[in-house]
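# Remarks on the overall topology
Here is what each chain is made of, one letter per residue.
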Amino acid sequence: MSTRKRILSAIQPTGNMHFGNYFGAVQNWVRLQEEYNCVYGVVDYHAMTMPYDPKKLRQNTWELLFNLIAVGVDPNNLFIQSLVPEHTELGWIFNCFCSYGRLSRMTQFKDKSVQSKEKANDDFISAGIFDYPVLQAADILIYRADYVPVGKDQDQHLELTREIAERFNRQVGKEYFVLPETLHTEIPKVMSTADPTRKMSKSAGEKHYISVFAEEARIRKQIKSAVTDTGDTPEGEMSAGVENLFSLLKAAGKIEAHTSLMEDYHTGNLKYSDLKGEVAEGLVALSTTFKERKADILTRKKEIKGQIKASSAEIRKRAQETVREVKELAGLSNVKF
Ligand code: TRP
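Residues numbered from 1 in each chain as written. Predicted model: local features only at pLDDT ≥ 70, side-chain atom pairs only at ≥ 80, totals over all residues. Heavy atoms only, no water.

## A word on the site of the ligand
For the ligand, the full set of nearby residues is Leu 8, Ser 9, Ala 10, Val 43, His 46, Tyr 132, Gln 136, Asp 139, Ile 140, Val 148, Val 150 and Gln 154. Separating a nitrogen atom of the ligand from a side-chain N or O atom of Gln 136 is a distance of 2.9 Å. At 3.1 Å from a nitrogen atom of the ligand is found a side-chain nitrogen or oxygen belonging to Gln 154. Secondary structure elements with two or more residues in the shell around the ligand: β1 (6–11) and α7 (127–141). At four residues, α7 tops the list of elements feeding residues into the shell around the ligand. Residues of the shell around the ligand, tallied by class, amount to seven nonpolar, four polar and one charged. (Near = heavy atom within 4 Å. Polar contact = N/O pair within 3.5 Å; in protein donor to acceptor, adjacent residues only side chain to side chain. Helix = DSSP H or I, 4+ residues; strand = E, 2+ residues; numbered from the N terminus. Nonpolar A, V, L, I, M, F, W, Y, C, P; charged D, E, K, R; others polar.)

Structural data, given as structure tokens:
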């Protein structure tokens with residue numbers, strides 16, 4: 001048995017991977033694989049909580065898996081959530097260890113309810129949106145993860161996960177679950193280059209995200225038109241747009257350029273065009289490698305799908321073991337697999 005600490009993280013299958021997802025999460029996933037025992041899920045059950053198209057869901061799930069492999073995630077560490085149905089079973093059990101009032105106060109529940117209403121245009125809000133964090137707790141605890149690498153926006157979900165674990169442990173009288181901790185990435189939040197006051201995201205529209213597989217010319221154009229200074233930044237403070245460009249530069253690994261341009265900034269000699277030029281170089285270099293790998297993956301789709309089904313089955317064994325033990329502790333009937 002490996003004594004390495006365990007890591008779990010997950011991502012929703014919503015098409016196209018952008019640099020916000022990559023720098024905010026996935027790049028870190030790739031690095032962590034060297035030091036930890038990692039499992040990473042594509043959470044399709046979570047993607048059903050908002051109004052959605054079933055055909056697109058499966059397509060997006062596979063697309064995301066191909067993308068994750070293209071940017072460097074080891075396929076052996078990947079699973080599809082719906083191929084490990086024990087997540088939902090543990091989710092149900094956890095429902096009974098989680099307070100209703102607590103769930104209704106989650107900020108994401110409030111935000112997502114509004115989004116869902118808009119998207120559904122019949123005011124539909126699924127109970128799945130409400131229950132979303134409980135399934136997320138199951139995703140994490142089912143693998144007894146020590147660490148969960150996520151952005152700051154997930155802090156509330158992690159807190160709830162620990163509360164569920166504590167309540168379960170208390171009620172069954174055993175320190176069964178370890179309390180997982182958040183691992184924040186160095187660049188937790190990548191902002192939209194078109195509006196640096198909001199997060200880079202696909203839902204905000206075309207100009208608010210830069211795809212990691214985009215054409216080189218498009219990446220350059222999007223960086224070139226990035227908002228730098230809107231004139232409302234207080235004296236002596238860096239504007240949100242410039243700050244975002246600097247963090248993109250650093251995230252893209254252009255450390256020397258970062259240091260020298262930062263010097264220019266502090267001496268009042270920074271040319272935005274230089275900063276943008278370097279950011280574009282950095283993003284294009286990464287994107288070129290990713291696109292090459294993606295092209296290769298797309299010629300071996302069938303083989304790779306087989307590989308992911310096999311890794312999901314392997315990872316499922318761990319989930320089954322946890323659910324078996326949890327049912328035992330929770331007083332449910334149980335059979336050995
Ligand atoms: N809620 C996460 C997000 O929106 C996705 C997610 C689902 C997740 N289950 C998880 C993240 C488990 C970390 C661990 O990004």
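## Describing the packing of helix α6 (residues 107–120) against α7
It is the contact of α6 with α7, at a shortest axis distance of 9 Å, that shows an interaxial angle of 150 degrees. In terms of their interaxial angle, α6 and α7 are classed as roughly antiparallel. Pair α6 / α7 crosses with right-handed handedness. Of the residues in α7, those in contact with Gln 108, Phe 109, Lys 112, Ser 113 and Ser 116 of α6 are Ile 129, Phe 130 and Tyr 132. Of the residues assigned to the contact of α6 with α7, the class counts are four nonpolar, three polar and one charged. (Axes fitted to C-alpha atoms, helices over the stretch in contact; angles between N-to-C directions. Parallel < 35°, antiparallel > 145°, perpendicular 65-115°, else oblique. Left-handed = near helix turned anticlockwise from the far one by under 90°. Contact = heavy atoms within 4.5 Å.)

## Section: the pattern of salt bridges
In this structure the tally under the stated criterion is 13 salt bridges. For Glu 163, the salt bridge is made with Arg 102, and the minimal N-O distance between the two is 2.9 Å. Residue Glu 163 is located in helix α8 (residues 155–172), and its partner Arg 102 is located in helix α5 (residues 100–104); the two are separated by 61 residues in the primary sequence. Accessibility expressed as a relative area gives 31% for Glu 163, which makes it partly exposed. Residues Glu 281 and Arg 220 are paired through a salt bridge, measuring 2.9 Å at the closest nitrogen-oxygen approach. In this pair, Glu 281 sits in helix α12 (residues 272–298) while Arg 220 sits in helix α9 (residues 216–224), placing the two residues 61 residues apart along the sequence. Residue classification places Arg 220 among the partly exposed residues on the basis of a relative accessible area of 28%. Taken together, the shared-partner salt bridges in this structure form one network comprising Arg 102, Glu 159 and Glu 163. (Salt bridge = Lys/Arg side-chain N within 4 Å of Asp/Glu carboxyl O. Buried < 20%, exposed > 50% of the residue type's maximum accessible area, 1.4 Å probe, protein only.)

## With respect to α6
In a regular helix each residue adds 1.5 Å, so 14 residues correspond to 20 Å; α6 covers 20 Å between its end C-alpha atoms and thus fits that length. Every buried residue belonging to α6 is among Gln 108, Phe 109, Lys 112, Ser 113, Ser 116 and Ala 120, and all of these are buried. Seen end-on, α6 carries its buried residues on one side only, within an arc spanning 135 degrees. Those residues of α6 that are buried lie in contact with α5, α7 and α8. Looking one or two residues past α6, Asn 121 carries a phi angle of roughly 40 degrees, positive in sign. (Expected span 1.5 Å × (residues − 1). Arc of directions from axis to C-beta.)

## Here we look at the environment of Lys 305
With respect to the helices, strands and loops of the structure, Lys 305 is situated in helix α13 (residues 301–330). Residues Lys 305 and Leu 65, spaced 240 residues apart in sequence, show a C-alpha to C-alpha distance of 8.9 Å. Non-local contacts of Lys 305, meaning those with residues more than four positions away in its chain, are made with Trp 62 and Phe 66.

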